[in-house]
Amino acid sequence: MKKIKFYFLASFLTVLFSCKNGTNIKIINESGKELKNVIIESGFNKTNIDLLKVGEIKNVFIDFNENNSKNDGVMGLKIKEISNDYHMFGYYSNGIPSSQDVVILVKKDTVEFN
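Everything quoted here is computed from the prediction, not taken from an experiment. (Residues numbered from 1 in each chain as written. Predicted model: local features only at pLDDT ≥ 70, side-chain atom pairs only at ≥ 80, totals over all residues. Heavy atoms only, no water.)

The strand order β3-β2-β5-β6-β7 describes an open sheet built from five strands, whose pairing is antiparallel. The strands lining the two open edges of the sheet, one partner per strand, are β3 (46-52) and β7 (96-97). Direction of pairing for strand β5 (residues 73-78) relative to strand β6 (residues 86-93): antiparallel, over a ladder of five bridges. Considered in β6, the bridge of Lys78 is made with Tyr86. (Pairing = 2+ DSSP bridges. Helix = DSSP H or I, 4+ residues; strand = E, 2+ residues; numbered from the N terminus.)

Another aspect to go through is the sheet that holds strand β1 (residues 22-29). Pairing is mixed across the open sheet formed by four strands, whose spatial order is β4-β1-β8-β9. Every interior strand has two partners, whereas the edge strands, β4 (57-63) and β9 (111-113), have only one. With strand direction ignored, the average angle separating the axes of adjacent strands in the sheet is 20°. Here six bridges tie β1 to strand β8 (residues 101-106), and the two strands are oriented parallel to one another. Looking at β8, one finds that Asn29 is bridged to Val106. (Axes fitted to C-alpha atoms, helices over the stretch in contact; angles between N-to-C directions.)

With that out of the way, let us pick up the pairing of β8. One ladder, built from three bridges, connects β8 with β9; its direction is antiparallel. Each bridged residue has a counterpart across the sheet, and for Leu105 the counterpart in β9 is Glu112. With antiparallel pairing between neighbouring strands as the criterion, β8 and β9 make up a hairpin whose turn holds four residues.

Within the secondary structure, Asn45 sits in the loop between β2 (35-41) and β3. Classification of Asn45 as buried rests on a relative accessible area of 18%. Excluding anything up to four places from it in sequence, Asn45 contacts Ile40 and Glu66. (Buried < 20%, exposed > 50% of the residue type's maximum accessible area, 1.4 Å probe, protein only. Contact = heavy atoms within 4.5 Å.)

Any two side chains of opposite charge can pair, given that their charged atoms come close. Following the criterion strictly, the structure yields two salt bridges and no others. Here Glu56 and Lys58 are joined by a salt bridge, their closest N and O atoms 3.7 Å apart. A relative accessible area of 23% places Glu56 in the partly exposed class. Between Lys107 and Glu112 there is a salt bridge; the shortest N-O distance is 3.5 Å. The exposure class of Lys107 is partly exposed, given its relative accessible area of 28%. For Glu112, a relative accessible area of 30% gives the class partly exposed. (Salt bridge = Lys/Arg side-chain N within 4 Å of Asp/Glu carboxyl O.)

A word on a nonpolar patch on the surface. There is a patch of nonpolar side chains on the surface, built from Val74, Tyr86, Met88 and Tyr91 and spanning about 400 Å² of accessible area. For the nonpolar patch, the element with the highest residue contribution is β6, accounting for three residues. Its location among the elements puts Tyr91 in strand β6. (Patch = residues over 30% accessible without salt bridge, like charges linked within 9 Å, V, L, I, M, F, W, Y side chains within 5 Å. Areas by Shrake-Rupley, 256 points an atom, 1.4 Å probe, with all protein chains shown as cover.)

Structure follows, in structure tokens:
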């Protein structure tokens, strides 16, 4: 009986501490040119990718555990070499993201979010 309790407790703790409250963002550069100063914002956090080479893939994790305010909002992307537009994506509510994985595909004249 003690072994069962031990395994149950170990399994529970593993699941508890492996849970991530955040969003994994994979950004892929298929634009045909190097991108400088790619900015990903979440309202409480800002990540700057200094250089994204042609064909390069970068992974970014936005940690929502840093967001103690439990607000609603969206994440945004700014790439000056593609456009001066601010691309909004990835809604979060009460400090919890609606999706845990986002793929951003940067093409020559557009940006796709999956």
